[in-house]
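# Architecture at a glance
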Amino acid sequence: MMNRCYHSYLRAFLEWEDLCLCSYSNRNVKQLNLLVNKRCQDPNEYINNDYLFQLLSNISCLEICRINLLFNENLVKFIGKIVDTIIKLVQLVLNKNSLISIDSEISISIQQTIFNTGNKRLLNSNICQITFPRRNELRICLS
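The rules behind these values
Residues numbered from 1 in each chain as written. Predicted model: local features only at pLDDT ≥ 70, side-chain atom pairs only at ≥ 80, totals over all residues. Heavy atoms only, no water. Helix = DSSP H or I, 4+ residues; strand = E, 2+ residues; numbered from the N terminus. Buried < 20%, exposed > 50% of the residue type's maximum accessible area, 1.4 Å probe, protein only. pLDDT = per-residue confidence, 0-100. Contact = heavy atoms within 4.5 Å.

Turning next to the environment of Leu92. By the secondary structure assignment, Leu92 is in strand β4 (residues 91-96). Owing to a relative accessible area of 1%, Leu92 belongs among the buried residues under this scheme. Taking the C-alpha atoms as reference points, Leu92 and Ile140, 48 residues apart in sequence, are found 5.1 Å from one another.

Written out as C-alpha cells, the structure reads:
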C-alpha cells in the first residue's frame, strides 16, 4: 500500500485513503487519477486540497474517479480551491466514467456558476473550457 507513494511516476493511480498515508512529496507525478470510493455532498470535507498540493505540487492533470460528486455550491468552491491551490493545473476531470446522466440545462447552469466564481483562471473563458463529454463527467481545461 505505502510502496506506491515512493515510486516516481509521471502518472499515478491512487486511492485517496492510500495517498493520505504518504509522508513526503513527489515532484515527478504530473498526472493523478485519484480513486475515491465514496459519494459525498461536500468534497472539501473528504479531499484535502492543501495536503494534495503539498504531496504532489507538480501535477498538471487531476482526474477524480469512482465518486459521484454532487453538483452544488460545495463542488463549485472545491473547484475554485483546486484551481487556486494547484498552480500548474491544466486539466481537471471530476466524476470520470460516471454512469449518471445529467440534463443539458443543469450543465449550462454549472458552467455559468463556475465562470461566475470570481476566480481569475476560471473567469476568462478564453483560457478556460468547461465541458461535459459523457454523462455527468465534468472536464475543465485551462491554458
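On we go from here.
What follows deals with the confidence of the model for the chain. Low pLDDT means the predicted coordinates in that region are not meant to be read closely. Per-residue confidence for the chain gives a mean pLDDT of 77; residues scoring 70 or more make up 86%. Mean pLDDT in the chain bottoms out at strand β1 (residues 11-15), which sits at 68, and peaks at strand β6 (residues 138-142), which reaches 88. A low-confidence stretch, residues 1-9 stays under pLDDT 50, and its non-local contacts, those more than four residues away or across chains, total 20 contacts.

This next bit is on unusual backbone geometry. In this structure, Asn95 is a non-glycine residue whose phi angle is positive, near 60°. Along the chain, the position of Asn95 falls in strand β4. Positive phi values are uncommon outside glycine, yet Arg135 reaches one of about 45°. Relative to the helices and strands, Arg135 is located in the loop between β5 (128-131) and β6.

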